[in-house]
Structures are given as C-alpha cells and as structure tokens.
Amino acid sequence: MPAFSLDPPQTAWCAELRALAAERLRPLAEKGEPGHVNRPLVAELGQLGLSQRLFTSGAVDLCLMRESLAYACTEAETALALQGLGAYPVHAYGTPAQRDRWLPGVAEGSTVAAFALSEPGAGSDAAALELAAEPDGPARWRLTGEKCWISNAPEADFYTVFARTTPGAGARGVTAFLLPADRPGLTGAGLDMLSPHPIGSLDFEAVPVTADDVLGEPDRGFRVAMGTLNLFRPSVGAFAVGMAQAALDATLAHTARRDAFGGKLKDLQAVAHQVAEMALRTEAARLMVYAAATAYDEEAPDVPRRAAMAKLLATETAQYVVDRAVQLHGARALHRGHLLEHLYREVRAPRVYEGASEVQRGIIAKELYADMEAGQ
C-alpha cells in the first residue's frame, strides 16, 4: 500500500472511529477529572476493541487510530496511546507468563499500564538514567531511586520500568522490568501539569524484583525502550496530525462565516494564504507519518530516521497550525472550553515527550552520517 493512499475500508474505518470518538468516548472524557486516570474511558476503549488492536495491528493501523481519535477526542486518543506505550514492551519482549498475566486486562480495558523511563536527571538523555537496580542475591535486585513525568502514574496497575543494572555502562547497562503497582516500596504522587492527562512521579525504596520481572534480557533494556519508541514515535505524529486537522477544519468553518471588513474573513488574501499554509503543512506531516509507519511495518532499515522525522515534523506542524488557528479565531479561541483552547494546551507536550524535537534532530543527523559512512 502506498504510504499516501488509504483504501476504502481504511477510509471507512477512520470515519467510524471519528464517530465513535464523538458519540461514545467524548462524553466519558468530559466526565473525567483532569490529572487522573479515566477508568470508564479506558474500559470503553477496551469494549470497542481498540485496546486489543494495539497488539494485533501494525504501525499504519496504530497511526490511523491515533489520528482519528485525536480529531474528535484527544483524551481518548491519549488514554489509548498510554495503554499501548506501557503494555507494548510486555507484548513484544515479555515471557508467556507475563503476557498472560497482564495483556488480557489491558485489552479489555480493566488494567492500566504505564511506561516509566524518564527521571529528574534523565529526560531526553534516557541513557543517563540512575534508578539503581542493586543486586540482592542470584537473579534478584532492589530498585532505589525516582522516576518523574510518567504518564498514568501513580494510578497505573503496572509499570514498564527501566533501571540501571550495570553502573557506568550507559545504554548497555539498563534492564527493563515489569513492575506491579502494589510491589512493596513503590509509591508515587501526581504532578500538576499543563496537559490534562495524568502524569506523576514514582519513588522506589528498595523495591524487590527478580528474573521473573525482567522484560527481555538483563542489561538489554535500552533495546526494549528504543524498540517501543520506534513504533510509537510515528504514531505521536499521527496524534499531532489529528489535532492539526481539527484546528484546520475549525478555521475553515470560522473564516468562511465570519464577517470582517465588508466580506468574509476568507476573502482576505492574508487569511486565505495562512489557511493554505496550514493545510499544506498538515498534509506534508501526514504523508511523512504514514511513510514512517509503512517503513516500520515493512521492517525497513531506516525506521529510526523515518520515525524521528515523522514525530519532529508532525509535532512542530501541529504547534504551528493550532497557533495560527487561535490567531485567526481571535479572543473567542481562548475561552475555557473552546476546542482551540483545549488543543492549545494539548499540542505543546508532544514536542517534548518520547524524545524532544532537539533529540529527534540528533537522531536524524546520526542516522544520516552513519548511512554516509556505511556507503563509503
């Protein structure tokens, strides 16, 4: 399938997702409490079969889900994405026992997952993490330290946690653990952030883990993290494209009906050119997102570069488009509860999480130079 062309079943499915998001998911989202896990919303995502598709679909389908849901209900999109981010390492790297224990609950919407990578001193530089996994006997460790800015914390039912098992080894000394939330010594607190979805910190006080909790192999946890992010980074771009499209459509409607200077806003060349630029950038971002997703599904060798490009372009584009939409709407767009006021708050975070824009540029440059040297 060409990355820029959807077949009729896919187009119909996207329309169905937008309708479901507006009719069944948005009412539940509106009843949620900002900063807390909306479990009825998570359960409905499971009932609709969307959570199960996190584990049975490819990157293109994941992007279609995230873009379509984001267009009509960003809270539903984010709730689904966080389930995928936290549980995908279990699906891809877990043992049969780990998968059987946790994934059915995620699929049905009764179990909440979280991805715990960032720390106060290790955000963009994930290889610098310091959560210590100190040996406590054969194939046993105690986790001591802190995680910060963890989505769904501290209310998740389990966490994919990345800890340092070999000091001084950089990315090569990190191990991924599957950690139930009720493990002794694990506590957390919510953080008051701009984004409405739950974000918190986690404190580890000699939290016991064993070989049964390891995801993948000891000291190979960074591979688990990057494998997960290579899938989800293009889909962050799809989330951004969904928001950009919603802002663009709202702007088209507003400028077509708003009277100004003896005509409609759309009749002003300055306005029309801004709208054209918004549409141009949104479509360019969409094409790059689905090109990256297709590359992932086809196991192409350049996935890290494409994934970084897709996330970078799409999130920066969404910021631009939403900002322009607010400008063209004027003060009404800043009223609490207005679609654009909501999108203005939502659109900022994706440029930071799962690798800030500057990190994506670094990845792109590193991959380009590596390709050049390999060809010499």
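Residues numbered from 1 in each chain as written. Predicted model: local features only at pLDDT ≥ 70, side-chain atom pairs only at ≥ 80, totals over all residues. Heavy atoms only, no water.

> Describe the packing of aromatic side chains, listing the residues and the values that go with them.
According to the stated counting rule, one finds 4 aromatic pairs in the structure shown. Plain terms: the ring middles of Trp102 and Phe158 are 4.8 Å apart, the flat faces sit at 45 degrees to each other, and that makes the pair tilted. With Trp102 in helix H6 (residues 96-108) and Phe158 in strand S4 (residues 158-164), this residue pair connects regions lying 56 residues apart in the sequence. Trp102 gets classed as buried once you look at its relative accessible area, which sits at 9%. Taking the ring centre of Tyr71 as reference, the NZ or CZ of Arg18 above it sits at 3.8 Å. (Phe/Tyr/Trp six-rings, centres within 6.5 Å; stacked < 30°, edge-to-face > 60°. Helix = DSSP H or I, 4+ residues; strand = E, 2+ residues; numbered from the N terminus. Buried < 20%, exposed > 50% of the residue type's maximum accessible area, 1.4 Å probe, protein only. Lys NZ or Arg CZ within 6 Å of the ring centre and 35° of its normal.)

> With reference to specific residues and values, describe H6.
Compared with an ideal rise of 1.5 Å per residue, which puts 13 residues at 18 Å, H6 spans 18 Å between its outermost C-alpha atoms and is within 8% of the ideal. Where H6 bends most, at Trp102, the angle is about 35 degrees, and the proline Pro104 comes one to four residues later. Contact partners of the buried residues in H6: helix H2 (39-47), helix H3 (50-56), helix H5 (74-93), S4, strand S5 (174-180) and strand S8 (214-215). The positive-phi residue at the C-terminal boundary of H6 is Gly109, with phi of around 90 degrees. (Expected span 1.5 Å × (residues − 1). Bend = angle between axes of the 7 residues up to and from the residue. Contact = heavy atoms within 4.5 Å.)

> Describe the pattern of salt bridges, listing the residues and the values that go with them.
Enumeration over the complete set of coordinates arrives at 18 salt bridges. Here Arg66 ties to Glu77 by a salt bridge, and the two come within 2.4 Å at their closest N and O atoms. With Arg66 in helix H4 (residues 59-72) and Glu77 in helix H5, the pair connects residues that are 11 residues apart, well separated along the chain. By relative accessible area, Arg66 is classed as buried at 2%. (Salt bridge = Lys/Arg side-chain N within 4 Å of Asp/Glu carboxyl O.)

> Lay out the environment of Leu103 in plain terms, naming residues and giving numbers.
Relative to the assigned elements, Leu103 resides in helix H6. Along the primary structure Leu103 and His91 are separated by 12 residues, whereas in three dimensions their C-alpha atoms are 7.3 Å apart. Once you skip the residues sitting within four places of it in the chain, Leu103 turns out to touch Phe55, Ala87, Val90 and His91.

> Give me the lowdown on the packing of H4 against helix H7 (residues 221-257), citing residues and values where you can.
Where H4 meets H7, the closest approach of the two axes is 7 Å, and the angle between their N-to-C directions is 30 degrees. Considering their axes alone, H4 and H7 lie roughly parallel with respect to each other. The chirality of how H4 crosses H7 is right-handed. When the residues that make up the contact of H4 with H7 are grouped by side-chain class, the tally is 14 nonpolar, 3 polar and 3 charged. (Axes fitted to C-alpha atoms, helices over the stretch in contact; angles between N-to-C directions. Parallel < 35°, antiparallel > 145°, perpendicular 65-115°, else oblique. Left-handed = near helix turned anticlockwise from the far one by under 90°. Nonpolar A, V, L, I, M, F, W, Y, C, P; charged D, E, K, R; others polar.)

Geometric values such as these leave the question of function open.
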